[in-house]
Amino acid sequence: MATQRKALPNRGGKWPSVLAGVAMLLLAAAALMMVGAGPAYRFEFITLGEAFNLLRNGVYVAAGAVAVSILVLLVSIIARRMTPALFATLVLAGAVALLYVPWQHWQRAQDVPAIHDITTDTQNPPVFEALAEAREAAPNAVDYPGEATAQQQRAAYPSIRPLIVNDALQTVLAAAQAEVEEAGWQIAQITDHQIEATATTRWFGFEDDVVIRLAELDESVQVDMRSASRLGASDVGTNAARIETFLRALEARFE
């Protein structure tokens, strides 16, 4: 009669599997907190301060998932347990991907000045008219902040300049309107020389106001633009990027 062998107990007992489960739960909680912070504020379930706290706590929880995953990897290597090690590796990859976005925003915030009003004409910036009332109700001012902001802008964003288009005013206005509509901005007013619109950020739903001013030159049109956040001391480079992207796309329409 053949002798039956007893199954060898798993090295390390249940702890590698338990810790891997904890790491996965921490990652899921972190993802829910970090991804959900923006929509929760956008749909007015929580205040902005609460949303930032939720985002910050989500970062801490994700860091906890990383720490637990590293512990699982060490225990699994010692105990030669492949399955918990695989789950720990997946959690590590997910946590790194989750932490990359806030890290990127933090890194960008260190590289740009704490300003929120950007324009191609710092000496005579385009003026909000149709959106003036909405901006008066917001924390940030309607008027351009002044020379201190202009100096910081010139140092940080030297490429922010007016666009010169060799075409008729109405043709440029129509192209600018088409570009605004393609960008998905909400148009507040269009006149013969100016467009005002509001751009809403995808994650938190922050509202930034945009004014595009057209001025006829001898045989061309000068396009100036201003993009200003309604909320926050720093836009983390968002308004400058918006202006550069818009003017580059508008220029491409005439090439």
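Conventions adopted
- All residue numbers here refer to positions counted from 1 along the written sequence of the relevant chain.
- Where local features are concerned, this predicted model is filtered to residues with pLDDT of at least 70; where side-chain atom pairs are given and counted, the filter is 80 or more; whole-chain, interface and lining totals use all residues.
- Neither water nor hydrogens contribute to the side-chain values; these are computed over all heavy atoms in the structure.
- Working definition: a ring pair exists when centres of Phe, Tyr or Trp rings (six-membered ring for Trp) sit within 6.5 Å. Plane angles under 30 degrees give stacked, over 60 give edge-to-face, the rest tilted.
- Where helices and strands are cited, they refer to DSSP runs of H or I of at least four residues and of E of at least two residues respectively, numbered from the N terminus.
- Summary of the burial criterion: residues with accessible area below 20% of their type's maximum are buried, those above 50% are exposed, and those between are partly exposed, where the area comes from a 1.4 Å probe applied to protein chains only.
- We count a charge as sitting over a ring when the NZ of a lysine or the CZ of an arginine lies within 6 Å of the ring centre and within 35 degrees of the ring normal.
- At least two DSSP bridges between two strands are needed for those strands to be called paired.
- Salt bridges are defined by distance alone: a side-chain nitrogen of Lys or Arg within 4 Å of a carboxyl oxygen of Asp or Glu.
- Nonpolar cores were defined as sets of buried Ala, Val, Leu, Ile, Met, Phe, Trp, Tyr and Cys residues, with membership established by side-chain atoms within 4.5 Å.
- Between two residues, a contact is recorded if the distance between any of their heavy atoms is within 4.5 Å.

Visitor: Explain the packing of aromatic side chains to me, using residue names and the numbers behind them.
Guide: Describing an aromatic ring pair means giving the distance of the ring centres and the angle of the ring planes. Following the criterion strictly, the structure yields seven aromatic pairs and no others. For the pair W185 and F246, a centre-to-centre distance of 5.4 Å together with 25 degrees between the ring planes defines the contact as stacked. Of this pair, W185 sits in the loop between α6 (169-183) and β3 (186-190) while F246 sits in helix α7 (residues 238-252), and the two are 61 residues apart along the sequence. A centroid spacing of 5.3 Å and a plane angle of 10 degrees characterise the contact between F204 and F206, whose relative ring orientation is stacked. Take F206: its relative accessible area is 24%, and that puts it in the partly exposed class. Here the aromatic residues Y41, F52, W203, F204 and F206 are joined through ring pairs into a cluster of three or more. The ring of W15 has K14 lying over it, and the distance from NZ or CZ to the ring centre is 5.9 Å.

Visitor: Any details on the pairing of strand β4 (residues 194-200)? Residues and values, ideally.
Guide: Burial analysis of β4 places six of its seven residues in the buried class, the great majority of the element. Two strands pair when backbone bridges link them, and β3 and β4 are joined in this way by four bridges, in the antiparallel orientation. Among the inter-strand pairings, Q189 is bridged to a residue of β4, identified as E196. Counted along the chain from β3 to the antiparallel partner β4, the turn is three residues long.

Visitor: Can you tell me about the pattern of salt bridges, naming the residues and giving the values?
Guide: With the rule as written, the count across this model stands at ten salt bridges. The residue R213 makes a salt bridge to D121 at a minimum N-O spacing of 3.0 Å. One end of the pair, R213, is in strand β5 (residues 207-216); the other, D121, is in the loop between β1 (117-119) and α4 (132-136), with 92 residues separating them in the sequence. Look at D121 and you get buried, because its relative accessible area is 17%. Across the pair R230 and E207 runs a salt bridge whose closest N-O atoms are separated by 2.9 Å. With R230 in the loop between β6 (221-229) and α7 and E207 in strand β5, this pair connects stretches of sequence that are 23 residues apart. For R230, a relative accessible area of 14% translates into the label buried. Taking the relative accessible area as the measure of exposure, E207 reaches 38% and is therefore partly exposed.

Visitor: Lay out the nonpolar core with the relevant residues and their values.
Guide: The tendency in soluble globular proteins is for nonpolar side chains to be buried as a group. Among the nonpolar cores identified, the biggest contains 28 residues, and W185, I212, L214, V223, M225 and F246 are the most heavily contacted of them. For this core, the secondary structure elements donating two or more residues are β2 (163-165), α6, β4, β5, β6 and α7. Excluding residues that lie within four positions of it along the chain, M225 makes contacts with I118, T119, T120, P126, W185, V210, V211, I212, R242, I243, F246 and L247. Core analysis: the second largest hydrophobic core is formed by 21 residues, A20, L27, V72 and F204 among them.

Functional significance is not addressed by these values, which are geometric in nature.
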